[in-house]
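Spelled out, the chains give:
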Amino acid sequence: IDLLFCGGVTESNLHALAEMQQDVVAYKLYLAETGGLYISEERLPEALKAVEATFRPAVIHCEDQRIIEKRKQELMKKGEARESLVEIYSELRPEEAELSAVRNVLASTVVSGSAAINIAHVSVYETVDLIERYQNIHCEATPHHLFFTKEDVMAKKAFLKTNPPVRTEENRLRLLAAFRGGKIDFLATDHAPHTKEEKAGDMLTAPAGVPQLDTYGNIVSWLLVECNVHPTLIAQVCSYNPARFLGLHDRGRIEVGKRAHLTILDVQKRTTIRSDQLYTKCGWSPFEGYEFPGTVRHTICHGIVASEYGEVF
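Notes on the structure follow. (Residues numbered from 1 in each chain as written. Predicted model: local features only at pLDDT ≥ 70, side-chain atom pairs only at ≥ 80, totals over all residues. Heavy atoms only, no water.)

**Observations concerning the packing of helix α10 (residues 216–225) against helix α11 (residues 231–245)**
Here is step 1: Between α10 and α11, the least distance of the axes is 10 Å, while the angle of their chain directions is 145 degrees. α11 is crossed by α10, and the crossing has right-handed handedness. Within the contact between the two elements, α10 uses Tyr216, Val220, Leu223 and Leu224 and α11 uses Pro231, Ile234 and Cys238.
Here is step 2: Of the residues that constitute the contact of α10 with α11, the class distribution is seven nonpolar, no polar and no charged. (Axes fitted to C-alpha atoms, helices over the stretch in contact; angles between N-to-C directions. Helix = DSSP H or I, 4+ residues; strand = E, 2+ residues; numbered from the N terminus. Left-handed = near helix turned anticlockwise from the far one by under 90°. Contact = heavy atoms within 4.5 Å. Nonpolar A, V, L, I, M, F, W, Y, C, P; charged D, E, K, R; others polar.)

**Structural notes on the packing of aromatic side chains**
Here is step 1: Overall, the coordinates contain 10 aromatic pairs when judged by the stated rule.
Here is step 2: Between phenylalanine 147 and phenylalanine 292, the aromatic rings sit 5.7 Å apart at their centres with planes inclined by 40 degrees, giving tilted as the arrangement. Here phenylalanine 292 lies in strand β9 (residues 291–292) and phenylalanine 147 lies in helix α6 (residues 143–147), a separation of 145 residues in the sequence. Judged on exposure class, the residue phenylalanine 147 and its partner phenylalanine 292 are both buried.
Here is step 3: Here the aromatic cluster, defined as three or more aromatic residues joined through ring pairs, consists of Phe147, Phe148, Trp222, Phe287, Tyr290 and Phe292.
Here is step 4: Its end group placed over the ring of tyrosine 240, arginine 253 keeps NZ or CZ at 5.1 Å from the ring centre.
Here is step 5: Sitting over the ring of tyrosine 309, lysine 269 keeps its end group 5.1 Å from the ring centre. (Phe/Tyr/Trp six-rings, centres within 6.5 Å; stacked < 30°, edge-to-face > 60°. Buried < 20%, exposed > 50% of the residue type's maximum accessible area, 1.4 Å probe, protein only. Lys NZ or Arg CZ within 6 Å of the ring centre and 35° of its normal.)

**A closer look at the pattern of salt bridges**
Here is step 1: Scanning all chains against the criterion turns up 18 salt bridges.
Here is step 2: For the salt bridge of aspartate 250 with arginine 251, the shortest nitrogen-to-oxygen distance reads 2.9 Å.
Here is step 3: With a relative accessible area of 25%, aspartate 250 lands in the partly exposed category.
Here is step 4: A residue is classified by how much of its surface remains accessible, and arginine 251, at 15% relative accessible area, is buried.
Here is step 5: A single salt-bridge network, built from bridges that share partners, covers Asp2, Asp250, Arg251 and Arg259. (Salt bridge = Lys/Arg side-chain N within 4 Å of Asp/Glu carboxyl O.)

**Observations regarding the nonpolar core**
Here is step 1: Ranked by size, the top nonpolar core spans 69 residues in total, and within it Leu29, Ile119 and Leu223 carry the most contacts.
Here is step 2: Contacts of leucine 223, omitting those with residues within four sequence positions, involve Leu146, Leu176, Phe179, Leu187, Asn228, Val229 and Ile234.
Here is step 3: Core analysis: the second largest hydrophobic core is formed by five residues, Ala26, Val59, Ala120 and Phe186 among them. (Core = buried A, V, L, I, M, F, W, Y, C linked by side-chain atoms within 4.5 Å.)

**Comments concerning the pairing of strand β11 (residues 304–308)**
Here is step 1: Of the strand pairs in this sheet, strand β10 (residues 295–301) and β11 are connected by four bridges, and their pairing is antiparallel. Pairing of histidine 298 across the sheet is with glutamate 308, part of β11.
Here is step 2: Two strands pair when backbone bridges link them, and β11 and strand β12 (residues 311–312) are joined in this way by two bridges, in the antiparallel orientation. If you follow glutamate 308 over to β12, its bridge partner there is glutamate 311.
Here is step 3: The turn linking β11 back onto β12 is made up of two residues, and tyrosine 309 within it adopts a positive phi angle of 45 degrees. (Pairing = 2+ DSSP bridges.)

**Observations concerning the sheet that holds β11**
Here is step 1: Taking strand neighbours across the sheet as the criterion, the four strands line up as β7-β10-β11-β12 in an open arrangement whose pairing is antiparallel. The open sheet has two edge strands with one neighbour each: β7 (262–266) and β12.
Here is step 2: One ladder, built from five bridges, connects β7 with β10; its direction is antiparallel. Looking across to β10, one finds that leucine 265 is bridged to valine 296.

**What about helix α2 (residues 65–78)?**
Here is step 1: The end-to-end C-alpha distance of α2 is 20 Å, a good match for the 20 Å that 14 residues give at a rise of 1.5 Å each.
Here is step 2: Listed as buried for α2 are Gln65, Ile67, Ile68, Arg71 and Leu75. The buried side chains of α2 occupy one side of the element, clustering within an arc of 160 degrees when seen end-on. Of the residues in α2, the exposed ones pointing more than 90 degrees away from the buried face are Lys70, Met76 and Lys77. (Expected span 1.5 Å × (residues − 1). Arc of directions from axis to C-beta.)

**What about the environment of leucine 204?**
Here is step 1: Mapped onto the elements, leucine 204 comes out in the loop between α9 (196–199) and α10.
Here is step 2: For leucine 204, a relative accessible area of 46% gives the class partly exposed.

**Re unusual backbone geometry**
Here is step 1: With an omega of -5 degrees, the peptide bond between asparagine 163 and proline 164 qualifies as cis.
Here is step 2: Secondary-structure assignment places proline 164 in the loop between α7 (150–156) and α8 (169–180).
Here is step 3: Within the chain, aspartate 190 stands out as a residue other than glycine whose phi angle is a positive 55 degrees.
Here is step 4: Mapping aspartate 190 onto the fold places it in the loop between β6 (186–187) and α9.
Here is step 5: By relative accessible area, aspartate 190 is classed as partly exposed at 26%.

In structure tokens form, the structure reads like this:
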């Protein structure tokens, strides 16, 4: 495969973004504290201007850190037991935190200019409505936000802890409807290969995020067969749209002269996800035990067939 990088943006390295311009295809900004990466609301317009100067797009994690901190303080005052954190985790990072951060991004684009922006891993369907009027603002959905709900977190606990969290069934269905209607530009894994040992902690100490690379084709088959997503839309959100957004004009469509990066699906081979069939180093998946209507038959990279039904050549 081709491995391409995003450049991490912090308040202390805005002056250095141009130096990594040739090494990255985009820049990643976090409006909530994530592993030392954080951009405050006040510095966001400046950060977006610095990104725009590189002629690279921006990918933004949208959760308002102030709202998260306020909600944590409220729950601490209530004396919520650690055992109840599984149930209330979505309240720790509520829908309003995402919506507030998205509004801040939209307000900042008026000040900063016209840099292409992707709102990463949308978890609230209302976010899609907010950005619909802005031509340079795009958004992505993840398999876990389209498939799981906070009821599933009760069973899987920290193994389904993600930021932003998965939400209600009603929200999931509306997000799926927006995806089916072509209102979401990308289907992104948000792959986070934390180990089983790390995820076995409680909701406060375990890291957020789930592995997704091995099961992407299975999810796409589910979208095609069971969710009635049109194949042309799948080609757009999985290939053409991301290639265009990242400025990768040598791929993304099946045309003479483009790179022959292709995935061939078999949507008639029902497959149950099992850990012993996964290649990801962490060795587990939130989709273990679920049956999907199809799977990847072939992965083709640079015109070379690299796998068949999960067997890598």
